[in-house]
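The chain contents come next:
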Amino acid sequence: MTLKSYLALITISTITIIVLAVAVVLGYSLQKTYLDSISQRGIELGRVIAHNEKIIQAVELSNQGKTSNIQSYVETLRAQTDASYIVVVNKNAIRLSHPKPDRVGKHFVGDDIYQALRQGNDYTKVAVGTLGKAIRNSVTIRKDGQIIGAISIGYLSQPTSKLIFKHLQEAGLLVGFVYLLGVIIAGFLILKLKRTFLSLEPEEIVQKFKEHELILDSIRDGIVAIDHEQNITAINSMAIEWLTMNVLSASQVVGKPLSSQSQSLSHFALEAQGQITQNPFNLGSLEFIATLYPIRGKKGEVGYVMVFFPDHGEKSLEQELTATKNYADLLRAKTHEYSNHLNVLSGMLQAERYEDAIEFLQQESDGDQIVLRRIIKTIENSAVAGLIFAKHNKAKDLKVDMLIESDCQLGRYPAKTNEALVTLMGNLIDNALLAAWSNRLLTSPFVKLYISDRNAHIMIQIEDSGAGVDEKLESRILDFGVSSKHNTEQHGIGLYLVKKVVDQYHGSLDWERSEINTTVFSIYLDKRALTR
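Residues numbered from 1 in each chain as written. Predicted model: local features only at pLDDT ≥ 70, side-chain atom pairs only at ≥ 80, totals over all residues. Heavy atoms only, no water.

A. Highlighting helix α9 (residues 263-272). Listed as buried for α9 are L265, S266, F268, A269 and A272. Along α9, the residues classed as buried sweep out an arc of 160° about the axis, all on the same side. Set apart from the buried face of α9 by more than 90 degrees, the exposed residues are Q263 and L270. Against the buried residues of α9 lie β5 (222-226), α7 (237-244), β7 (277-283), β8 (286-296) and β9 (302-310). Q273 sits one or two positions beyond α9 and adopts a positive phi of about 55°. (Buried < 20%, exposed > 50% of the residue type's maximum accessible area, 1.4 Å probe, protein only. Helix = DSSP H or I, 4+ residues; strand = E, 2+ residues; numbered from the N terminus. Arc of directions from axis to C-beta. Contact = heavy atoms within 4.5 Å.)

See below:
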């Protein structure tokens, strides 16, 4: 079933049920109100006639056995009202008047008159008499407080039904008009929805949405869409990578202000004034070019689609080539170093000096085994333990002493938490190793690590023998792209990622210069936030 058919069926069915329910309630209410009105009118008419002196005298004479003729008088009164009949009886229920004169002097047919004669109560009942089914209203005739007779005023069912049916017809026309109006409004609503959805079915809309997401994520440029209040409404994976370094997901960014991710882009949107504009800006040390395309809403508000990409000039290409060359030189140096070790081992084996070869291998592995045993003993978290061991090997290559406190402790955590801890510790240790190595000419390089989750927080302390943070950068050292390193390969990303993780888990990050001229970074993370 198409969306149009489904909406039409649901809407018309709902309107039909509502109209039928209203019609039934209205019909019942109208009928009951009309019948109550007739009953009330009959009772009131009977009470007026019951106080008529001529009627009272005639009833008294009849009770005394004397003749009294009020037939023509009562019929004259009936003709002046809408009653079907007016019957006056004495205390023995003998008729003194009747629409058919031949029935005068005979007993009243029906027991409802005795409610008025014997108990003195005015009474209404739907009953069958000599004239047929009618609404019969019985009223007591009194004199000096004594019951002397009664009056029965009736409204025959057939004329009453005709009147009710006439009123119901009028109400039915109103209900029919409302029903027709509801169907017309529903039709316009369905057409409006079809135009709004571009005549697409819900499944097609979902498919289009998925296709657009895939297309956006396949584009190698960063794309961000914002509304007139500068809240992000859409963002592709490349923009997530450049703006948040994949620390945040698209769902965590959409709906948030653009300024929380990039002050530069937010400033460009303010200056664009609804025009297509292009501006250069920096993310750290990387240069980008952003193009802003305005999107105008029906009310005149202006949003933007921003497309930005790296500005690959000659300088950036030269820096990238230098970084690649330095990395290649490092690999050649490491290859040469291990080739020397293999040559020594090969010579010992060829000279059949097996014990010397074993001792040589033992010397190479003993240090690693001691560190590995200590890590396994204190760090239960395998992801973090593997990271620490890998960084220890890196420190050994850099000839930096990496000291791991003996009372470290870290338990197991969910995979998402492990990923965050690895990101945090990996960047801090890398920064510490590089700082210690850079300051090796002034002091013996070392890095000291302590981690513990014994209390309600995870505490991480990393101390290095580096020169510390430049005073000029202290207030901005955690910003994206800010770095105290001078080589072009570093872009100030490490501490930015660390700060993102700390903020994500409601932690704190501090650093200080110790009394022995070392830099100490201290991090506290709430364990409850890590395990949510």
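B. Just the sheet that holds β9, in detail. On the basis of which strands lie adjacent, the open sheet formed by 5 strands has the order β6-β5-β9-β8-β7 and antiparallel pairing. Here the strands that pair on one side only, and so sit at the sheet edges, are β6 (232-235) and β7. Direction aside, the axes of adjacent strands within the sheet are offset by 25° on average. Here 5 bridges tie β5 to β9, and the two strands are oriented antiparallel to one another. Bridging from a neighbouring strand, I226 pairs with Y304 of β9. Contacts from α9 reach β5, β7, β8 and β9 within the one sheet, and its direction differs from that of β7 by about 160°. (Pairing = 2+ DSSP bridges. Axes fitted to C-alpha atoms, helices over the stretch in contact; angles between N-to-C directions.)

C. Structural context of the packing of aromatic side chains. For the structure on display, the rule yields 7 aromatic pairs. Between W242 and F288 the ring centres are 5.1 Å apart and the planes differ by 70°, which places this aromatic pair in the edge-to-face class. Residue W242 is found in helix α7, and its partner F288 is found in strand β8; the two are separated by 46 residues along the sequence. For W242, a relative accessible area of 16% puts it in the buried group. With relative accessibility at 1%, the residue F288 sits in the buried group. Among the aromatic residues, ring-to-ring pairing joins W242, F268, F281, F288 and F308 into one connected group. (Phe/Tyr/Trp six-rings, centres within 6.5 Å; stacked < 30°, edge-to-face > 60°.)

D. Local environment of the pattern of salt bridges. Scanning the entire structure with this criterion turns up 7 salt bridges. For R412, the salt bridge is made with E380, and the minimal N-O distance between the two is 3.5 Å. A residue pair is termed long-range when its members are at least 10 positions apart, and R412 in the loop between β10 (401-404) and α13 (415-438) and E380 in the loop between α11 (354-378) and α12 (382-398) qualify at 32 residues. Here R412 falls in the exposed class, since its relative accessible area comes to 67%. Its salt-bridge partner being K499, residue D503 comes within 2.7 Å of it at the nearest N-O pair. With D503 and K499 both in helix α14 (residues 494-504) and 4 residues apart, this pair spans about one turn of that helix. A relative accessible area of 42% places D503 in the partly exposed class. A residue is classified by how much of its surface remains accessible, and K499, at 27% relative accessible area, is partly exposed. (Salt bridge = Lys/Arg side-chain N within 4 Å of Asp/Glu carboxyl O.)

E. Representation of the sheet that holds strand β13 (residues 508-513) in the model. Pairing within the open sheet is mixed, and its 5 strands lie in the order β10-β11-β12-β14-β13. Strands at the two margins of the open sheet, each flanked by one partner only, are β10 and β13. When strand polarity is set aside, the average angle formed by the axes of neighbouring strands in this sheet is 15°. The sheet contacts of α12 involve β10 and β11 (446-452), and relative to β10 the element is tilted by about 150°.

F. Spotlight on the side chain of H98. On the secondary structure map, H98 appears in the loop between β1 (85-90) and α4 (113-118). H98 sits in the buried class, given a relative accessible area of 2%. Within the local environment of H98, its side chain forms a polar contact with the backbone nitrogen of K100, the two atoms lying 3.0 Å apart. (Polar contact = N/O pair within 3.5 Å; in protein donor to acceptor, adjacent residues only side chain to side chain.)

G. Broad picture of the pairing of β1. The buried count for β1 comes to 6 of 6 residues, which makes it a mostly enclosed element. Here β1 shows no split at all, with Y85, V87 and V89 on one side and I86, V88 and N90 on the other all buried.

H. Local environment of the pairing of strand β4 (residues 146-156). The element β4 is largely enclosed, with a buried count of 8 among its 11 residues. Bridge count for β1 against β4 is 6 bridges, and the pairing is antiparallel. Note on β4: the bridge partner recorded for V88 is I151.

I. A nonpolar patch on the surface, seen in detail. Together, L174, F177, V178, L181 and I185 line one region of the surface with nonpolar side chains, adding up to about 490 Å² of accessible area. Here F177 shows up in helix α5 (residues 157-196). (Patch = residues over 30% accessible without salt bridge, like charges linked within 9 Å, V, L, I, M, F, W, Y side chains within 5 Å. Areas by Shrake-Rupley, 256 points an atom, 1.4 Å probe, with all protein chains shown as cover.)

J. Quick look at α12. Look at α12: 24 Å from first C-alpha to last across 17 residues, which is about the 24 Å you get at 1.5 Å a residue. When we look at burial in α12, the residues that qualify are V384, A385, L387, I388, K391, H392 and A395. For α12, the buried positions fall inside an angular range of 160° around the axis, keeping them on one side. Its side-chain oxygen at 3.2 Å from the backbone nitrogen of A383, N381 defines the N-terminal cap of α12. (Expected span 1.5 Å × (residues − 1).)

By themselves, these are just geometric observations and shouldn't be taken as functional.
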